[in-house]
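# Architecture and fold: a report
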Amino acid sequence: MDYIFFLKGLAIGFAMAIPVGPIGVLCIRKTLTEGRLRGMVIGLGAATADLFYASVAAFGLTLISDTLISQRFWIRLVGGALLLFLGIRIFRALPKDPKIRVDNGGILRSYLTTVFLTLTNPLTIFAFLAVFAALGLDSELRNFSAAVLVVGVFIGSCLWFLLLSSGTILFKNKLDLDGLRWVNKIAGILIIISSLIAFGSLL
């Protein structure tokens, strides 16, 4: 019956990834300006962070969760500052000609940055705990079942970003340099707004 836990994890990971926040905006922007691979790298980074938080919730790692929650002010402050920096940088970025092949350098940096950004919202642990409890998973989980569940969460999150980047790529060839310039500005503004919301949550 462990495949049931995998399917539940798949659905949870997919559903938790759907709300398009700053990471979703980054995925769309990277896909439009640099191609599907870059967009999927963003999605993989977000899914990795979801895997970590789902693991903390599923395995009951209270020491880690308590530490993250107790330090949420500083974690969110750093995350908000990084979002603000990225938003300004993206807003001011000059678009690359879509006909010019994008160098694959910096993929690891994009991945690690996304993992860090996603981890700066430690309250995600509560979201996973709430969902697990609502589905009655908190009382059913054993070590192997928990592992199967969190793998499902990871794959479900990856699946959403695959669909998001695949859907976005349909518009890539329709954008000229002026269109890409607007993509950068809109994405930058949305990410700056997300940073201000993160700062506002600290008050």
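Quick look at the structure, then. Once a new chain begins, its residue numbering starts again from 1 and follows that chain's sequence as written. It should be noted that, the model being predicted, local features are given only for residues of pLDDT at least 70 and side-chain atom pairs only at 80 or more, the latter also being counted only at that level, while totals for whole chains, interfaces and linings use all residues. Calculated side-chain values reflect all of the structure's heavy atoms, with hydrogen atoms and water omitted.

### Here's the deal with the nonpolar core
Spelled out, the test is: Note on terminology: a nonpolar core comprises buried Ala, Val, Leu, Ile, Met, Phe, Trp, Tyr and Cys residues joined through side-chain atoms within 4.5 Å. Exposure is judged per residue with a 1.4 Å probe applied to protein chains only, and the accessible area is read against the type maximum: over 50% gives exposed, under 20% gives buried, and values in between give partly exposed. A run of DSSP states H or I qualifies as a helix once it reaches four residues; a run of E qualifies as a strand once it reaches two. Both are numbered from the N-terminal end. In this description, contact between two residues means that some pair of their heavy atoms is separated by no more than 4.5 Å.
Among the nonpolar cores identified, the biggest contains 16 residues, and Ile23, Leu26, Leu117, Phe161 and Ile191 are the most heavily contacted of them. For this core, the elements supplying multiple residues, two or more each, are helix 2 (22–34), helix 3 (36–59), helix 5 (72–92), helix 8 (143–172) and helix 9 (177–200). Among the elements that make up this core, the one with the highest residue count is helix 2 (four residues). For isoleucine 191, the contacting residues outside a window of four places in its chain are Pro22, Val25, Leu26, Leu83, Gly87 and Ile90. One finds Ala54, Ala57, Leu149 and Val153 within the second-largest nonpolar core, a separate group that totals 13 residues.

### What about the pattern of salt bridges?
Note the cut-off: By salt bridge we mean one thing: a side-chain nitrogen of Lys or Arg within 4 Å of a carboxyl oxygen of Asp or Glu.
Following the criterion strictly, the structure yields two salt bridges and no others. One salt bridge in this structure joins lysine 30 and glutamate 34, with 3.3 Å as the shortest N-O distance. With lysine 30 and glutamate 34 both in helix 2 and four residues apart, the pair spans about one turn of that helix. A relative accessible area of 13% places lysine 30 in the buried class. Residues arginine 38 and glutamate 34 are paired through a salt bridge, measuring 3.0 Å at the closest nitrogen-oxygen approach. One network of salt bridges, with partners in common, ties together Lys30, Glu34 and Arg38.

### As for the packing of helix 3 against helix 8
Where we set the bar: Note on definitions: angles span 0 to 180 degrees between N-to-C directions of axes, and those axes are lines fitted to C-alpha atoms, for helices only across the stretch in contact. Note that the term roughly parallel is reserved for angles under 35 degrees, roughly antiparallel for angles over 145, roughly perpendicular for angles of 65 to 115, and oblique for everything else. Crossings are classed by handedness, with left-handed meaning an anticlockwise turn of the near helix from the far one by less than a right angle and right-handed meaning a clockwise turn. For this scheme, ten residues count as nonpolar: Ala, Val, Leu, Ile, Met, Phe, Trp, Tyr, Cys and Pro. Four count as charged, namely Asp, Glu, Lys and Arg, and the remainder, Gly too, count as polar.
One way to put it is that helix 3 packs onto helix 8 with a least axis distance of 8 Å and a crossing angle of 155°. Judged by the angle between their axes, helix 3 and helix 8 are roughly antiparallel. Crossing angle aside, the handedness with which helix 3 passes helix 8 is right-handed. Considering only residue class, the contact of helix 3 with helix 8 consists of 18 nonpolar, seven polar and two charged.

### Considering helix 2
Think of an α-helix as turning once every 3.6 residues; residues three or four places apart then point the same way. We apply this condition: Expected span of a helix, by definition, is 1.5 Å for each gap between consecutive residues, and there is one gap fewer than residues.
Across its 13 residues, helix 2 extends 17 Å between first and last C-alpha, which sits within 8% of the 18 Å expected from 1.5 Å per residue. Within helix 2, eleven of the 13 residues are buried, which leaves it mostly tucked inside the rest of the structure. Here helix 2 has its buried residues at Ile23, Gly24, Val25, Leu26, Cys27, Arg29, Lys30, Thr31, Leu32, Thr33 and Glu34. One or two residues past the end of helix 2 sits glycine 35, with phi positive at roughly 110°.

Interpretation in functional terms is not warranted from these geometric data alone.
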